Amino acid sequence: MRISIVSLLAAALATFALTATTAPPMASAQPDVQAESAVAAAGKIDLQGAVNARDIGGYRTYDGAKVKSGKAIRADSLEKLTAADLQKLAGLNVKTVVDLRTQAEIQFAGPDKLPQGAQLVARPIDDTGLFQKLLQVIQLRDPVKQEEMLGNGKAEEIMKGVYTSFLTPASRAAFGQTVKDLANTDKATLYHCTAGKDRTGFLTYVVLRAIGVPEATAKQDYLLSNQYRAAADAALRQQVKQAGLMQNPDLLIPLQEVRNQYLDTAVAKLEQDYGSFGKFLTQGLGLDAGTILKLRKNLVS
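As a starting point, this report considers the structure included with it. (Residues numbered from 1 in each chain as written. Predicted model: local features only at pLDDT ≥ 70, side-chain atom pairs only at ≥ 80, totals over all residues. Heavy atoms only, no water.)

### With respect to helix α13 (residues 277-284)
Of the positions making up α13, those classed as buried are F277, F280, L281 and G284. Each buried residue of α13 sits inside an arc of 110° when the element is viewed along its axis, so together they form one side. Taken together, the buried residues of α13 touch α8 (169-183), α9 (199-210), α12 (260-274) and α14 (289-299). (Buried < 20%, exposed > 50% of the residue type's maximum accessible area, 1.4 Å probe, protein only. Helix = DSSP H or I, 4+ residues; strand = E, 2+ residues; numbered from the N terminus. Arc of directions from axis to C-beta. Contact = heavy atoms within 4.5 Å.)

Encoded structure:
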C-alpha cells in the first residue's frame, strides 16, 4: 500500500498536524462536565472536509452569562472542504479565516478553501522545527531510531516543548492579535491550525478564560479534540503502519493527543513569566482593559 505525501505529512506533523487517539478525552472529573460536553456537542459543525470544527458558543461564565454562538469558530485546516462545507460556513456568516499554520504546512497540505465573502488572514505560529524533524524520522522507516526519538516519554517531552514555545514573543504576538480580532468584529471569525488541537486549543482556552468561563470548562473544551479527531487519527496510524513507514505507529499517540499535562505546561510557564493569567493577557498578549471588555461584550450575552 502506498501513502500520499499529505498523509505522510499528517503523520509527521505531530503537534500541529496529527490529532487525537482512539482513547477517550483525558479529562479529570469536574462538576458539570457532562452538561458542558452536551453544550460543546451542540456547537459541533459537521463538515466533510474537517473533523474538528466547532462554535465555541454556549458555555456559561462565572456570573451565569452565556458565550454567544456565531462569533468564534475553532477548526482544523480547511484545504479539504467540499462545496457543501463552504456553503455551510457561508451560511454561518464566516467573514474572516485566521490560518495559524506555518508556510511548510500550507505547502504540503494546501491552502485553505474559503467560504464566499470570507477574508483570509495568514498568521503563522512557529512549529519549533518539529514538522521537518518528524517527517524525516518517519521517512527513515527505522523502528529502532523511531523508538529512540519518540519512545520512553520522549514524545511527551516534545509536546511540552511545543507548548512552552507558545510563550515566545512571536507566538504571543500572533495569539494576541487574534484575540484583538475577536474583540473588534461583529462577524463570525474562524481560526485554525492543521489539526485544530494545539495552537487552536491553546488560543480557545485563553479566549474562554478571558471572557469569564471557568478554567475547568475551558480545559474540557480543549480536551474535546480527542473525541472529535479519534476516528481520523486511528485511521491515519493504520495507514502509516500498512505503508511500512512505522512498525509501531502507537509511538505517535502522545503526539496525536491533547493532554492536561501539555496545556498545564503552557499555563505554568505563563504564570511563571507573568505572575497570573490576568497579567499574561495584558503584559503577554498586549491586551488593554478596553480590549478585554470589548472581547467579553462581543462574545458574551
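Still more ground to cover, so stick around.
### Quick word on the nonpolar core
Counting residues in each nonpolar core, the largest one holds 64 residues, and the members touching the most others are L150, F202 and F280. Put simply, the parts of the chain that give this core at least two residues each are α5 (130-139), α7 (154-165), α8, α9, α10 (215-242), α12, α13 and α14. Once residues lying within four places of it in the same chain are set aside, the contact partners of L150 are L134, A155, I158, M246, L251, L252 and L255. (Core = buried A, V, L, I, M, F, W, Y, C linked by side-chain atoms within 4.5 Å.)

### Some words on the environment of R54
Along the polypeptide, R54 turns up in strand β1 (residues 54-55). Considering only alpha carbons, one finds R54 and K44, 10 residues apart in sequence, at a separation of 4.3 Å. With residues up to four places along the chain from it excluded, the contact list for R54 reads G43, K44, I45, A72, I73, R74, D221, L224, S225 and Y228. Side-chain polar atoms of R54 contact the side chain of N52, separated by 3.1 Å. Within the structure, the side chain of R54 is placed 3.0 Å from the backbone oxygen of D221, a separation counted as a polar contact. (Polar contact = N/O pair within 3.5 Å; in protein donor to acceptor, adjacent residues only side chain to side chain.)

### Some details on the packing of α9 against α10
Contact pair α9 / α10: the axes reach a minimum separation of 9 Å and the direction vectors enclose 155°. Taken together, the axes of α9 and α10 are roughly antiparallel relative to one another. Handedness of the crossing formed by α9 with α10: right-handed. Contacts between α9 and α10 involve G201, T204, Y205, L208 and R209 on the former and, on the latter, E215, A218, K219, D221 and Y222. (Axes fitted to C-alpha atoms, helices over the stretch in contact; angles between N-to-C directions. Parallel < 35°, antiparallel > 145°, perpendicular 65-115°, else oblique. Left-handed = near helix turned anticlockwise from the far one by under 90°.)

### Describing the environment of D198
Mapped onto the elements, D198 comes out in the loop between β5 (188-192) and α9. Residues D198 and Q256 lie 58 residues apart in sequence; the distance between their C-alpha atoms is 9.8 Å. At 2.3 Å, the side chain of D198 forms a polar contact with the side chain of Y163.

### Description of the pattern of salt bridges
In total, this model carries 19 salt bridges according to the counting rule given. Close ionic contact of R74 with D221 constitutes a salt bridge, the shortest N to O distance being 2.7 Å. Of this pair, R74 sits in strand β2 (residues 72-75) while D221 sits in helix α10, and the two are 147 residues apart along the sequence. We note that R74, like D221, is buried. Via salt bridges that share partners, E79, D99, R101 and D112 belong to a single interconnected network. (Salt bridge = Lys/Arg side-chain N within 4 Å of Asp/Glu carboxyl O.)

### A short note on the side chain of R101
Note on placement: R101 falls in the loop between β3 (94-99) and α4 (103-109). A distance of 2.9 Å separates a polar atom in the side chain of R101 from a polar atom in the side chain of D99. Engagement of the side chain of R101 in a polar contact is seen with the side chain of D112, the distance being 3.2 Å. Not counting residues within four places of it along the chain, the set of residues in contact with R101 comprises S77, E79, I106, A109, G110, P111, D112, P124, H192, C193, T194 and R199.

### Side note on unusual backbone geometry
A positive phi is found at N93, a non-glycine position, where the angle reads about 65°. Tracing the backbone shows N93 in the loop between α3 (83-91) and β3. A relative accessible area of 32% means that N93 is categorised as partly exposed.

### Brief notes about the pairing of β2
Neither face of β2 is left uncovered, since the one carrying A72 and R74 and the one carrying I73 and A75 both have all their residues buried. Relative to β2, β1 is paired through two bridges, and the arrangement is antiparallel. Paired with R54 across the two strands is R74, which belongs to β2. Bridge count between β2 and β5: four bridges; the pairing is parallel. Note that in β5 the partner of R74 across the bridge is Y191. (Pairing = 2+ DSSP bridges.)

### Here's the deal with the environment of A75
Within the secondary structure, A75 sits in strand β2. Taking relative accessible area as the criterion, A75 reaches 0% and is therefore assigned buried. Spatially, the C-alpha atoms of A75 and N52 are 5.3 Å apart, while their sequence positions differ by 23 residues.

### Comments concerning the packing of α8 against α14
At a closest axis distance of 8 Å, the pairing of α8 and α14 adopts a crossing angle of 55°. The angle between α8 and α14 places the two elements in the oblique class. Here α8 and α14 pass one another in a crossing that is left-handed. When α8 is examined against α14, the residues V179, K180, L182 and A183 are found in contact with a partner set consisting of T291, K294, L295, N298 and L299. Of the residues belonging to the contact of α8 with α14, the class tally is five nonpolar, two polar and two charged. (Nonpolar A, V, L, I, M, F, W, Y, C, P; charged D, E, K, R; others polar.)

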